[in-house]
4 protein chains.
Amino acid sequence: MTELAAVKAALKTQAVETPSWAYGNSGTRFKVFAQQGVPRTPQEKLDDAAQVHAFTGVAPTVALHIPWDKVEDYAALAEHAEDRGVKLGAINSNTFQDDDYRLGSICAPDPAVRRKAVDHLLECVDIMDATGSKDLKLWFADGTNYPGQDDIRARQDRLAEGLAEVYERLGDDQRMLLEYKFFEPAFYTTDVPDWGTAYAHCLKLGEKAQVVVDTGHHAPGTNIEFIVATLLREGKLGGFDFNSRFYADDDLMVGAADPFQLFRIMYEVIRGGGFTPEVAFMLDQCHNIEAKIPAIIRSVMNVQEATAKALLVDRDALVAAQRSGDVLEANAVLMDAYNTDVRPLLREVREEQGLDPDPIAAYRSSGWQEKIVAERVGGEQAGWGA
Amino acid sequence: MTELAAVKAALKTQAVETPSWAYGNSGTRFKVFAQQGVPRTPQEKLDDAAQVHAFTGVAPTVALHIPWDKVEDYAALAEHAEDRGVKLGAINSNTFQDDDYRLGSICAPDPAVRRKAVDHLLECVDIMDATGSKDLKLWFADGTNYPGQDDIRARQDRLAEGLAEVYERLGDDQRMLLEYKFFEPAFYTTDVPDWGTAYAHCLKLGEKAQVVVDTGHHAPGTNIEFIVATLLREGKLGGFDFNSRFYADDDLMVGAADPFQLFRIMYEVIRGGGFTPEVAFMLDQCHNIEAKIPAIIRSVMNVQEATAKALLVDRDALVAAQRSGDVLEANAVLMDAYNTDVRPLLREVREEQGLDPDPIAAYRSSGWQEKIVAERVGGEQAGWGA
Amino acid sequence: MTELAAVKAALKTQAVETPSWAYGNSGTRFKVFAQQGVPRTPQEKLDDAAQVHAFTGVAPTVALHIPWDKVEDYAALAEHAEDRGVKLGAINSNTFQDDDYRLGSICAPDPAVRRKAVDHLLECVDIMDATGSKDLKLWFADGTNYPGQDDIRARQDRLAEGLAEVYERLGDDQRMLLEYKFFEPAFYTTDVPDWGTAYAHCLKLGEKAQVVVDTGHHAPGTNIEFIVATLLREGKLGGFDFNSRFYADDDLMVGAADPFQLFRIMYEVIRGGGFTPEVAFMLDQCHNIEAKIPAIIRSVMNVQEATAKALLVDRDALVAAQRSGDVLEANAVLMDAYNTDVRPLLREVREEQGLDPDPIAAYRSSGWQEKIVAERVGGEQAGWGA
Amino acid sequence: MTELAAVKAALKTQAVETPSWAYGNSGTRFKVFAQQGVPRTPQEKLDDAAQVHAFTGVAPTVALHIPWDKVEDYAALAEHAEDRGVKLGAINSNTFQDDDYRLGSICAPDPAVRRKAVDHLLECVDIMDATGSKDLKLWFADGTNYPGQDDIRARQDRLAEGLAEVYERLGDDQRMLLEYKFFEPAFYTTDVPDWGTAYAHCLKLGEKAQVVVDTGHHAPGTNIEFIVATLLREGKLGGFDFNSRFYADDDLMVGAADPFQLFRIMYEVIRGGGFTPEVAFMLDQCHNIEAKIPAIIRSVMNVQEATAKALLVDRDALVAAQRSGDVLEANAVLMDAYNTDVRPLLREVREEQGLDPDPIAAYRSSGWQEKIVAERVGGEQAGWGA
């Protein structure tokens, strides 16, 4: 197989999971702008996600958020998905939208609140059993807003205890993916603020606990690809929540704010052996002002383009330049791949897969948008918390 | 008058405006936690604000937010306030909570949206005429989320045009206070992102246009006291929106995150001649998880403490050390004031004003909290956007 | 002329000034790593700069730094330059490397130090008269390290007074370019910390005073293209000091850290009418660990590539999408240009100009590097401060 | 023992190690300002450090930096120190000031450079054997400036290998303290950029490897007290390098930039059981523009004041408020201690120890400064790298 053929083959194996909640309305604390045609049910979210997969070919699974996507019959939901060509993916827990969680969930000072939070996580594993999902993705909004508000260390003890109980409940083929976040909604301490904290907990929990890197969850200037390289070296990278940001956790389309960073991340994934199903590639974004389905299609394409460029890096030349200490040449080898226009290559890949080479245009002309705007009238639009 | 007497006298003249919206519920994009006893009407917000003034003695005015505090009869509202010992303060406009404002308000690409926004601002001046408010405080959520989304420069042209129309409408004793903000809710460009942009617009508008410094609206590491000194030197500091932050626009209680910074800001205010009614001291905070009225009392006290420390700086000794180039001594003179425990002094000031020396304790034992929890049942709690 | 021909024509007019000091050694506070073949005299720096122009065709001028490039006979220096195909460019002042400047230069508390600083600046204008340079570029290391160390506002007064004296001395065709910087080497206040401060001073000085944007001199997250758009709108953008950074003022090769940002900046330059000789494009970088001449060639090429992409933006399509409020389409139009591989186009441009299409390879095979390594033995290597 | 007596007793046990290099000249990449009376030898640095201990009573040890403090006879150096009332403390390695280290030291691509670096570290352990030092403090300037320059993961492998060799060489009572730093002098990747990386390496090395927290080595906004709490919980906090910063690694006097943060850190130290000799409290600062010895005295006092405030926190009241979920009261309990003026208490502590209550004034009137200015003429002043 030629090198280019190998690149194409690799691109065809790529899978980017899209999140059910990105199809619904979202916003900032100032305003949630409603859009026409937004799904009103978990099923309608899956319908939209199936469109993204239909046009890109690399978005075969859909992450669920509990309780936002709670249904009576998960087997039926899974069947609904498969009928449309997609599958259910990771189960995302939610321990931040009840009034009980004002001071935290799994780390809260009140034991009854902690019990409620852990019970919710256990319920999520039950749902995983029902849906066949392999990954439980945990993000905790827990933290404090004021110095002194709570005991930093005691909260870590509570976190460890709660995670251990959930870990025990996991089945043999199930994983716990622990996400960290620099800040928000807590504004003084966050209980899992950085990869080091997530890593330390996962290490103690065991092999089924892995760290998730959300690309918007770091302090300004943080070198994310370094973290990716380090977690892969430690065998603890469970996956990504992709999005992009200029400032904080802006949740813009992945690749929109700093496409070069996304390329560098994908390069470290590939170099570190992380381009496998063991590392989950998921989107976690908010399309506050732009049309949602095409924004997600575009995001998937951005991941593809960064991956294609990363696959094109001439690694032999790179290693040779690095070993010889030629700073400029090593940088040039990397930039040579980045500066390549990979869109023609990806159009070819799509055509070889029987897809339209231009997924955005294909979606726009498919009539789906007009259809959902016309049909999804009445009922309550899905949104964060809905 | 002894020096200490002068400090006390100055502290007695201080006035901190509290914002009507801080008495209502607020939150993050993830969750608004409801609290018991929260006001349901503009009148109830004023009732709460009157409590803050009753116990601190330095919070005589209340800022309104339109349309959140829209009423039929502003004269009656003003009378309601005065009956309770407070007055109506600045009018804050709101051009971010209608679906029309998805792509901006006064800077939006659609002229109809801009017209609507400017009309709202003009209406705010009408309300100022009715309430006797002197200041129109303008904060625009305008900006873009994605590179290319709109034309950066054209948006400045639209902004200038809209502001000019509103400026023309101001009465002789009315001012326009223009606020800037680093980011949020826009995540790529913000149309008034820094003091320089606000300053440049105010300069062209004329003397009645002044800049407002919100202490949470800067890039990480920004030296806010430098901006205060500069704006005072330029005659363009109109006032403050006080709050504090560890990360972004966290809107914590002023003085909670970095009390030393608040002291330095107050020192520059005093040194630059800004401790006058011409510079408006306003709070703009969100009490997401803590009790609202005592949080505002505490915030007012934090401003008092920082002011007291700033007033205690031995300016002769400071200037002497600065002129002689003695870095350590100059720093020591400033720190000597900062390290002073001014709480006994402020207790004395309060007693001399006939107030309880401990406003928090006095509020807690006043029965007000129990009263509003019991009485404010039913109806819709006020909140951001409510 | 076709559109592509117009793009090529524009690229051929581009001029990027290289700084004499980038050819000498530089480093961090921890270490300056010496390189072989580094210039020992201003003349040898010009020799190296001439190589950059010879291979790129768009680096016709060289910025001088006084006193680093001080010579007896500036006419002879100018002739030396012209003999090698380049010209002398902006004069950069240096008021930070004498022990007298420990507490500042033009803003120092000691009037004798201020006098010395202003005299140096006046001497720089004398040198401009001798060299024919049009631009005096001013960067002040002035600031303080500790709260209280000096009076923030008094320092602004001193700055204004010193600048006014220098401004008066400028000839009819000479400009003063005032640079701002977020921090370093001062760590508490910096006397010209942001574009707003530089702008306010330039505004008072007059039309010959303009602001310089150094791309490494901003707070984390600052939107530089917004500043560019604003300064162009105000008629106050004098030029750029190009470099790139991941953290602070890292002074890496321009375009190395965030090529997408450089593209966005160049787009605003072009859109705002700033792609003219009135806006000076200068490099200001430190090549601490990489070979210097090829690093500068690469930097010039990076500016060319960003410019080419910015010129390729379909502005009609962009404006149409912006006006219609199509966020995704407007972003896509911009990204379409950015994602284009412009290296073939630039190779063509170079060939049409009689240059080698690959400047780096051409330099490497020219023998210049071997020649200077062999010849420049003994003497003292030029470096920051040397 | 009353509570206050316990606080005093604790304060009397405090030990802050001062760094030999802080007594010499330091600066930024732009300029090192020379000061009169600066030491010229390791012995003279110890003489100055002895003054700091003499006036504060809590600075009994002095950290050495190899090779800056290299001597023929370490036993004699230790005796020199003890004759003046101090002892030799931690040994700090230096693998960043040779030209060989241009591309790194222990992580460099060239095995010969790595060998040299590890040999230096082994030599440092030899010196520890000679001086009786217990701690080897490791800070690596290693990293890269450009994407692609070197292989991120391979550098981690090299780091692990080198550290393991040094760890094996440690004696039973010796520790390895591994420092992390966000950036500088490397501007793209740093090989030990955060506590997580240091922690992961220390975990594998074993019990004698511990993490050092330098308070200036974090990304903007990082919550340092959280890291302190976490490392203590993990049993991996080896010590501190104290200093303060507004921007990057400014190396200002500890407590100068954010005294509230220092207090919070000290509170977590005490709460987490870290106020013991097992956690080393060291200064690591640069006194670029201020007088060095009094700056270090002041720094030691700042640590004492923060410690005193942290010891004064009413922990029973704090825990009660935290457990009850009273956010404002819990914050108030903490602030109550912070707002206390502890200077009178510390004056008492000093008097009880037979010291002058005002160390700065006592030093100034001691004649030491005049003496060293008069005597230390000629020779080469010590400085970073000297």
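Residues numbered from 1 in each chain as written. Chains lettered and ligands numbered in written order. Predicted model: local features only at pLDDT ≥ 70, side-chain atom pairs only at ≥ 80, totals over all residues. Heavy atoms only, no water.

> Give a description of the sheet that holds strand β3 (residues 87–92) of chain D that names residues and reports values.
Residues and elements named next belong to chain D. Ordered by their spatial adjacency, eight strands build an open sheet running β1-β2-β3-β4-β6-β8-β9-β10, and the pairing between neighbours is parallel. In this open sheet, the two edge strands, each paired with only one partner strand, are β1 (18–19) and β10 (280–283). Sheet topology note: the strand β2 (residues 61–65)/β3 ladder contains four bridges and is parallel. Bridge assignment links T61 to a residue of β3, and that residue is K87. Packed onto the sheet, helix α4 (residues 111–131) meets β3, β4 (135–138) and β6 (175–179) and runs at close to 150° relative to β4. Helix α6 (residues 195–205) contacts β6 and β8 (209–214) of the sheet and is inclined by roughly 160° relative to β8. (Pairing = 2+ DSSP bridges. Helix = DSSP H or I, 4+ residues; strand = E, 2+ residues; numbered from the N terminus. Contact = heavy atoms within 4.5 Å. Axes fitted to C-alpha atoms, helices over the stretch in contact; angles between N-to-C directions.)

> Just give me the short version of the interface of chain B and chain D, but keep the residues and values in it.
Contacts between chain B and chain D engage 34 residues on the former and 34 residues on the latter. Between chain B and chain D lies a buried interface of about 2500 Å² when both sides are counted; carbon and sulfur atoms form 51% of it. At the surface where chain B touches chain D, the tally comes to six salt bridges. One salt bridge connects R343 of chain B with D336 of chain D, and the closest N-O pair in it is separated by 2.5 Å. (Buried area = accessible area lost by both parts, 1.4 Å probe. Salt bridge = Lys/Arg side-chain N within 4 Å of Asp/Glu carboxyl O.)

> Could you give an account of the sheet that holds strand β1 (residues 18–19) of chain A, with specific residues and numbers?
Residue and element names in this part refer to chain A. The eight strands lie next to each other as β1-β2-β3-β4-β6-β8-β9-β10, forming an open sheet whose pairing is parallel. Edge positions in the sheet fall to β1 and β10 (280–283), since each has one partner strand and no second. Strands β4 (135–138), β6 (175–179) and β8 (209–214) of the sheet are contacted by helix α5 (residues 152–169), whose axis makes an angle of about 150° with β6.

> Give me the lowdown on the relation of the copies chain D and chain A, citing residues and values where you can.
Relative to chain A, chain D is turned by 180° and slid 0.0 Å along the rotation axis, the superposed coordinates differing by an RMSD of 0.0 Å. Accordingly, the operation relating the two chain copies is best matched by a two-fold axis. No C-alpha of chain D lies nearer the rotation axis than that of G196 of chain D, which sits 2.0 Å from it. The residues that chain D uses at the interface reappear at the interface of chain A in 100% of cases, marking a shared surface. (Least-squares fit on C-alpha atoms with pLDDT ≥ 70 in both.)

> With reference to specific residues and values, describe the packing of helix α8 (residues 259–271) of chain D against helix α11 (residues 327–338) of chain D.
All names here are of chain D. Interaxial distance between α8 and α11 falls to 11 Å at its minimum, and their mutual angle equals 110°. If you check the angle between α8 and α11, you find them roughly perpendicular. The crossing of α8 and α11 is right-handed. The segment α8 lies against α11, with P259, F260, F263 and Y267 engaging L334, M335, A337 and Y338. Class assignment of the residues belonging to the contact of α8 with α11 gives a composition of eight nonpolar, no polar and no charged. (Parallel < 35°, antiparallel > 145°, perpendicular 65-115°, else oblique. Left-handed = near helix turned anticlockwise from the far one by under 90°. Nonpolar A, V, L, I, M, F, W, Y, C, P; charged D, E, K, R; others polar.)

> How would you summarise the relation of the copies chain B and chain D if you had to cite specific residues and measurements?
Of the transformation placing chain B onto chain D, the axial shift is 0.0 Å and the rotation is 180°, giving an RMSD of 0.0 Å. With an isologous cut-off of 70% or more, the 100% of interface residues of chain B that recur at the interface of chain D puts this contact in the isologous class.

> Before we move on, can you summarise helix α3 (residues 74–83) of chain C with the specific residues and values?
All names here are of chain C. When we look at burial in α3, the residues that qualify are Y74, L77, A78, H80 and A81. Angularly, the buried residues of α3 cover 155° about the axis, an arc narrow enough to put them on a single face. Exposed and oriented more than 90 degrees from the buried face of α3 are E79 and D83. Check the buried side of α3 and you find it contacts α2 (42–56), β2 (61–65), β3 (87–92) and α4 (111–131). Measuring from the side-chain oxygen of the N-cap residue of α3 to the backbone nitrogen of A75 gives 3.0 Å; that N-cap residue is D73. (Buried < 20%, exposed > 50% of the residue type's maximum accessible area, 1.4 Å probe, protein only. Arc of directions from axis to C-beta. Polar contact = N/O pair within 3.5 Å; in protein donor to acceptor, adjacent residues only side chain to side chain.)

> Break down the interface of chain D and chain A for me, with residues and values.
Tallying the contact residues gives 54 residues for chain D and 54 residues for chain A. Both faces considered, chain D and chain A share a buried interface measuring about 4500 Å² in area, 57% of it formed by carbon and sulfur atoms. In terms of surface lost to chain A, no three residues of chain D exceed R153, F226 and R233 of chain D, which account for 17% of the buried area on that side. In this structure, the connection of chain D to chain A is made through six salt bridges. Across the pair D157 of chain D and R233 of chain A runs a salt bridge, and its minimum N-O distance is 2.6 Å. Inspection of the region where chain D meets chain A yields 23 residue pairs in polar contact (both at pLDDT 80 or more). Elements supplying a minimum of two residues to the side of chain D that touches chain A: α5 (152–169), β7 (189–190), α6, α7 (224–233), α8, α10 (315–324) and α11 of chain D. Its residues placed into classes, the side of chain D that touches chain A shows 24 nonpolar, 15 polar and 15 charged.

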